[in-house]
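A closer look at the structure
Spelled out, the chains give:
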Amino acid sequence: DDPSLERHFKGHRDAVTSVDFSRNKKHLASGSMDSCLMIWSMKPQMRAYRFMGHKDAVMCVQFSPSGHLLASGSRDKTVRLWIPSAKGESTVFKAHTATVRSVHFSSDGQSLVTASDDKTVKVWMVHRQKFLFSLSQHINWVRCARFSPDGRLIVSSSDDKTVKLWDKTSRECIHSFCEHGGFVNHVDFHPSGNCIAAGSTDSTVKLWDVRMNRLLQHYQGNSAVNSLSFHPSGNYLITASNDSTLKILDLLEGRLLYTLHGHQGPATCVAFSRDGDFFASGGSDEQVMVWKTNFDAADYGDVVKPQKYCSSVDGTHGTGVEMDCGIHHKKTKTQDSGRTHEQQEEETSLANTLEHIMGQLDVLTQTVSILEQRLTLTEDKLKECLENQQKIIQNKAN
C-alpha cells in the first residue's frame, strides 16, 4: 500500500521547523519560526496545546525516550525542557552563544546533545541541566547532532560541509566525512548504530558505514534535503526537501520507493513514529501532516533476505554498493520460542513499571528544577527590594 495522509494540523503562524512523536504515539510535538511549540493529540477532537516561552524562533523539538519531557532549542540561544502537560511548565538554560539548531536525548534519557550556530556541539546532563563538555572542531554553523543508539558516539553535521563522528568518552573527533558539496542540514544514526545518513543542500543523501568509514549509498535528488528519518526497521529512510516533496528510499533495494506531495513550499522536517506506523512532516507552509506508513505491513524478518546488496542510485555510477550494516536483522518469531509466554509477560510488566518510575523521576527532577528557578527569582527580587530600601534610607539620611 502507498503511504496515506492521516491527519492535518493547522495552528502554527510561521514555518514549521521540527516534528517528533511521543513514544506512545498519542502526541506529536512541533516547533516553529513563530516562537511556539505545539503538542497535538493524535485522537480526533482533542485540543492542541501551544507552549510559549522562547523569545525567538523554535528550531528543534524532541521528546525524551520516556515521553515525560520535551526539549526545544531556539534562536534565542536557549534550550528549554518542558513537562508536556496542560500547564506547559519549563526550565530554561542558556545553552549557546548563538541559535540552537538541534536537540537530541541519548537513548537512556540521561544526556542531551545540542548543536548551534556558535560552531559547537555541547553535551549536558538532563538532571539539573548540568553542562558536561563541548565539541568544537567545526568551522561553521552546526546544523544537527545525534547520539548513536548505544550512546557511545555522537555525529554532527555542519555548514562547513562536513559530517563529524565523535567518541563521547574521549571527546575526540574520530572521523570527518567530507564528500558533501553543500551545507549538511541533517544527520542521523541507523537503528543498528552501524551507519549514518546525511542530507545536504547539494540535493544528495549519503550513507556511510561508521565501522569502516566508507560510503555505502548515494542518492541524488533535485533539491536541497532539509531533514531525514530512519524507519525503526532500518530498511527505509524518509527525506524532506526544498521542492516540497517527501521521498521514501528503500535501503535494501537502494532505490526511491515513493515521492509524496503534500506541502506547498519547502518540506522542512520529517520524523517516523517510534514504531514506524506513522510519520509526520512539517513545512514552510505552516502545516503539520501525519501520514500512515502502510508500506511496512509485512513482517520484515520474513521478507528480508540477509546480506542483500544494493546499488547506489544516482543515475551516473551504478556501482553496486553493499548495505549490510545490520539493516534487516529483525528478530524472527522463532528466536523467542525458548522463553515461555509468562516470562515474557513478566518481563514486559517489569519493564513497564520501571519505565513508569523513570518517567515519574523525570517529572520530579523537572519540578524541582522549576522550583529552584522560582526560588532564585524570588531571592533576586528580595535582594533588589533590600537594595532599594538601603538606597531610600541613604537618600533620607543625606
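- The protein carries the name POC1 centriolar protein homolog A in an unreviewed UniProt entry, which gives Melanocharis versteri as its organism.
- Quoted verbatim from the Function (unreviewed entry) field of UniProt, the annotation for the protein is "May play an important role in centriole assembly and/or stability and ciliogenesis."
- According to its UniProt record, the protein has this under Sequence similarities (unreviewed entry): "Belongs to the WD repeat POC1 family."

**Quick look at the overall build of the protein**
- Each helix and strand in the protein was counted, giving two helices and 30 strands.
- Within the protein, the proportion of its 398 residues that are buried is 52%.
- Taking the contacts inside the protein whose residues are at least 6 apart along the sequence as the reference set, 47% of them involve residues at least 24 apart.
- Accessible surface for the protein amounts to roughly 18800 Å². Of this, 52% is attributable to carbon and sulfur atoms.

**Overview of the nonpolar core**
- Membership of the largest hydrophobic core comes to 17 residues, with the highest contact counts inside it found for Val79, Phe93, Val103, Phe105 and Leu112.
- At the level of secondary structure, the elements contributing two or more residues to this core comprise strand 6 (58–63), strand 8 (78–82) and strand 10 (100–105).
- For this core, the leading source of residues is strand 10, giving three residues.
- In this structure, Phe105 is in contact with Gln62, Phe63, Ser64, Pro65, Leu69, Ala71, Leu81, Ser111, Leu112, Val126 and Phe147, ignoring residues within four places of it in sequence.

**A few points about the sheet that holds strand 22 (residues 225–230)**
- Strands sit in the order 22-23-24-25 across an open sheet of four strands; the sheet is antiparallel. Since the sheet does not close on itself, it has two edges, and those belong to strand 22 and strand 25 (255–261), each with one partner. On average, each strand axis in the sheet is inclined to that of its neighbour by 20°, with strand direction left out of account.
- Here five bridges tie strand 23 (residues 236–241) to strand 24 (residues 245–250), and the two strands are oriented antiparallel to one another. The residue bridging Thr239 from the neighbouring strand is Lys247, located in strand 24.

**Description of the sheet that holds strand 7 (residues 70–74)**
- Taken in spatial order, the four strands make up an open sheet running 6-7-8-9, and their pairing is antiparallel. Looking along the sheet, the strands with just one partner apiece sit at the ends: strand 6 and strand 9 (90–94). Strand-to-strand, the axes of this sheet are offset by a mean angle of 20°, without reference to chain direction.
- Of the strand pairs in this sheet, strand 6 and strand 7 are connected by five bridges, and their pairing is antiparallel. In the strand pairing of strand 7, Val61 is matched with Ser72.

**Quick word on the confidence of the model for the protein**
- Mean pLDDT over the protein works out to 86, with 88% of the residues at or above the 70 mark.
- In the model, residues 299–322 has pLDDT below 50 throughout and makes 56 contacts with residues more than four positions away in sequence or in other chains.
- Counted against residues more than four places away or in other chains, residues 328–338, with its pLDDT under 50, gives 17 contacts.

**Here we look at the layout of surface pockets**
- Empty space within the largest pocket amounts to approximately 1300 Å³.
- As for the largest pocket, its lining consists of 49 residues, of which Gln62, His104, Arg146, His186 and Asp188 are closest to the centre.
- Among the secondary structure elements, those contributing two or more residues to the lining of the largest pocket are strand 2 (16–21), strand 6, strand 10, strand 14 (142–147), strand 18 (184–189), strand 22 and strand 26 (267–272).
- Of the residues belonging to the lining of the largest pocket, the class tally is 23 nonpolar, 19 polar and seven charged.
- Volume-wise, the second largest pocket comes out at about 420 Å³.
- For the second largest pocket, the lining is made up of 21 residues, of which Ser22, Asn24, His27, Gly67 and His68 are closest to its centre.
- Counting only elements with at least two residues in the lining of the second largest pocket, the list comes to strand 4 (37–41) and helix 2 (341–397).
- For the lining of the second largest pocket, the element with the highest residue contribution is helix 2, accounting for four residues.

**A look at a negative patch on the surface**
- A cluster of acidic residues, Glu379, Asp380, Glu384 and Glu387, forms a negative patch on the protein surface.
- In this fold, Asp380 is placed in helix 2.

**Considerations on the pairing of strand 20 (residues 204–209)**
- In terms of burial, strand 20 is largely enclosed, as six of its six residues are buried.
- Alternating residues of strand 20 divide into Thr204, Lys206 and Trp208 and Val205, Leu207 and Asp209, and every residue in both groups is buried.
- One ladder, built from five bridges, connects strand 19 (residues 195–200) with strand 20; its direction is antiparallel. Note on strand 20: the bridge partner recorded for Cys195 is Asp209.
- Between strand 19 and strand 20, which pair antiparallel in sequence order, lie three residues; one of them, Ser203, sits at a positive phi of approximately 70°.
- Taken together, the six bridges between strand 20 and strand 21 (residues 214–220) define a ladder with antiparallel strand orientation.

**Regarding unusual backbone geometry**
- With a phi angle near 70°, Lys25 is a residue other than glycine that sits in the positive phi range.
- Of note, Lys25 is situated in the loop between strand 2 and strand 3 (27–32).
- Although it is not a glycine, Ser203 sits at a positive phi angle of roughly 70°.
- Turning to its location among the elements, Ser203 is positioned in the loop between strand 19 and strand 20.

**Some remarks on the packing of aromatic side chains**
- A complete count under the given rule lists eight aromatic pairs for this structure.
- Aromatic side chains Tyr49 and Phe51 sit 6.5 Å apart centroid to centroid with 25° between the ring planes, which places their arrangement in the stacked category.
- Residue Tyr49 is classed as partly exposed on the basis of its relative accessible area, which comes to 26%.
- Phe51 gets classed as buried once you look at its relative accessible area, which sits at 3%.
- One aromatic cluster is present, built from ring pairs that chain together Tyr49, Phe51 and Trp82.
- Across from the ring centre of Phe131, 5.5 Å away, lies the NZ or CZ of Lys122, which sits over that ring.

Reading the values: the criteria
- Residues numbered from 1 in each chain as written.
- Predicted model: local features only at pLDDT ≥ 70, side-chain atom pairs only at ≥ 80, totals over all residues.
- Heavy atoms only, no water.
- UniProt positions renumbered as here; feature names shortened; annotations may be inferred.
- Helix = DSSP H or I, 4+ residues; strand = E, 2+ residues; numbered from the N terminus.
- Buried < 20%, exposed > 50% of the residue type's maximum accessible area, 1.4 Å probe, protein only.
- Contact = heavy atoms within 4.5 Å.
- Areas by Shrake-Rupley, 256 points an atom, 1.4 Å probe, with all protein chains shown as cover.
- Core = buried A, V, L, I, M, F, W, Y, C linked by side-chain atoms within 4.5 Å.
- Pairing = 2+ DSSP bridges.
- Axes fitted to C-alpha atoms, helices over the stretch in contact; angles between N-to-C directions.
- pLDDT = per-residue confidence, 0-100.
- 1 Å grid on protein atoms, 1.4 Å probe; cavity = no way out; pocket = protein on both sides within 12 Å on 5 of 7 lines; lining within 4 Å.
- Points joined across faces, edges and corners; volume = space filled by probe spheres on them.
- Nonpolar A, V, L, I, M, F, W, Y, C, P; charged D, E, K, R; others polar.
- Patch = residues over 30% accessible without salt bridge, like charges linked within 9 Å, V, L, I, M, F, W, Y side chains within 5 Å.
- Salt bridge = Lys/Arg side-chain N within 4 Å of Asp/Glu carboxyl O.
- Lys, Arg positive; Asp, Glu negative; His and termini not counted.
- Charge placed at Lys NZ, Arg CZ, Asp CG, Glu CD.
- Phe/Tyr/Trp six-rings, centres within 6.5 Å; stacked < 30°, edge-to-face > 60°.
- Lys NZ or Arg CZ within 6 Å of the ring centre and 35° of its normal.

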